[in-house]
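Understanding the architecture of this molecule
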Amino acid sequence: MNIKRIVVGAYAVNCYIVYTDEKKGFIIDPGGDYDDILKFIKEEDILLEFILLTHGHGDHIGAVKNLINDFNLPLYVCEKEKSLLNDPIINLSKSIPPFKPIQLVADVWLKDGEIIDFHGTKLKVIYTPGHTVGSICIIMDKNIFTGDTLFRMSIGRSDFYTGNYDEIMKSIKKLYTYDDNLRVLPGHGSESILKFEKEHNPFMKNIKI
Ligand SMILES: [Zn+2]
Ligand SMILES: [Zn+2]
């Protein structure tokens, strides 16, 4: 599986385009800069099949409507993110650049532990609330897409609408139980390895299982 990272929008969101050698793909967190996303898809001739969100914040959803309009793609989001996703105040789209209110409804509401089969590759949904009430991480092969739950050497904020510090710490503890060798692909900033985070991330290193 090929993974292309494109950094988009005012908050430098990592949008990931995941695609097979046959150029069948899906996109995670298309947060903005639709022209950059479109350029890559066209150049590589990728046929996108769906959009997957780690959570519904404005900086992660800015190009969702463009993609739906142009490619008629279904949107996959955690079932717990329903009300946030459809509210431009709670999802912050109204209050962060480019200040365009966004309301979305998913086509597929994901549940904890659900497996999405993508041409034989399994995408496992891990429910990790705390940054928002419907935040998820996705495990695919040796990769984990962690959205704004886990960053290299940090974790996501829990002081936005529906955020909760105790919940995100429970989620971080849950992530601690996964394989050391997982490559961490976060929603912002550079990638990491889960073992490195377990040893050095100040929010993870003191966890005892
Ligand atoms: Zn966020
Ligand atoms: Zn974000």
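Everything numeric here is computed off the predicted structure, so don't read it as measured data. (Residues numbered from 1 in each chain as written. Chains lettered and ligands numbered in written order. Predicted model: local features only at pLDDT ≥ 70, side-chain atom pairs only at ≥ 80, totals over all residues. Heavy atoms only, no water.)

**Some remarks on the packing of aromatic side chains**
Test applied: Side-chain rings of Phe, Tyr and Trp, where Trp is taken by its six-membered ring, are said to pair if the distance between their centres is within 6.5 Å; with planes under 30 degrees apart they count as stacked, over 60 as edge-to-face, and otherwise as tilted. In this scheme, Lys NZ or Arg CZ marks a charge over a ring once it lies within 6 Å of the ring centre and within 35 degrees of the ring normal.
Overall, the coordinates contain six aromatic pairs when judged by the stated rule. Cluster of aromatic residues (ring-pair linked, three or more members): F26, F50, Y76 and F118. The aromatic ring of Y127 is capped on one face by K80, whose charged end is 4.9 Å from the ring centroid. Just above the ring of F196 sits the side chain of R152; from NZ or CZ to the centre is 4.7 Å.

**A word on the coordination of the zinc ion (ligand 2)**
Stated precisely, the cut-off is as follows: For Na, K and Ca the donor cut-off is 3.2 Å; for every other metal, N, O and S atoms count as donors within 2.8 Å. Water does not enter the count, which can leave sites looking incomplete. Angle rules define the geometry names used: all angles between 85 and 135 degrees makes four donors tetrahedral, while opposite donors over 155 degrees apart and all other angles between 65 and 115 make four donors square planar and six octahedral, leaving every other case irregular. Summary of the burial criterion: residues with accessible area below 20% of their type's maximum are buried, those above 50% are exposed, and those between are partly exposed, where the area comes from a 1.4 Å probe applied to protein chains only.
Those protein atoms acting as donors to the zinc ion (ligand 2) are D59 (OD), H60 (NE2), D148 (OD) and H188 (NE2), and they sit at 2.1 to 2.4 Å. The site at the zinc ion (ligand 2) holds four donor atoms, and with the angles between them running 92 to 152°, its shape is irregular. Of note, the donors binding the zinc ion (ligand 2) are all from one chain and are spaced D-H-x87-D-x39-H. In this structure the zinc ion (ligand 1) is found 3.4 Å away from the zinc ion (ligand 2), and D148 serves as a bridging donor for the pair. Residue H60 is classed as buried on the basis of its relative accessible area of 0%.

**So, the sheet that holds strand β8 (residues 121-127)**
Where strands meet in a sheet, backbone hydrogen bonds hold them as pairs that are either parallel or antiparallel. Condition: At least two DSSP bridges between two strands are needed for those strands to be called paired. We count a stretch as a helix when DSSP gives it H or I for four or more residues in a row; a strand needs E for two or more, and each element gets its number in order from the N terminus.
A sheet is described by the order of its strands in space; here six strands give the open sequence β7-β8-β9-β10-β13-β14, paired in mixed fashion. Every interior strand has two partners, whereas the edge strands, β7 (115-118) and β14 (192-193), have only one. As judged from the two bridges shared by strand β13 (residues 183-186) and β14, these two strands associate in the antiparallel manner. When the sheet's bridge partners are listed, V184 is paired in β14 with S192.

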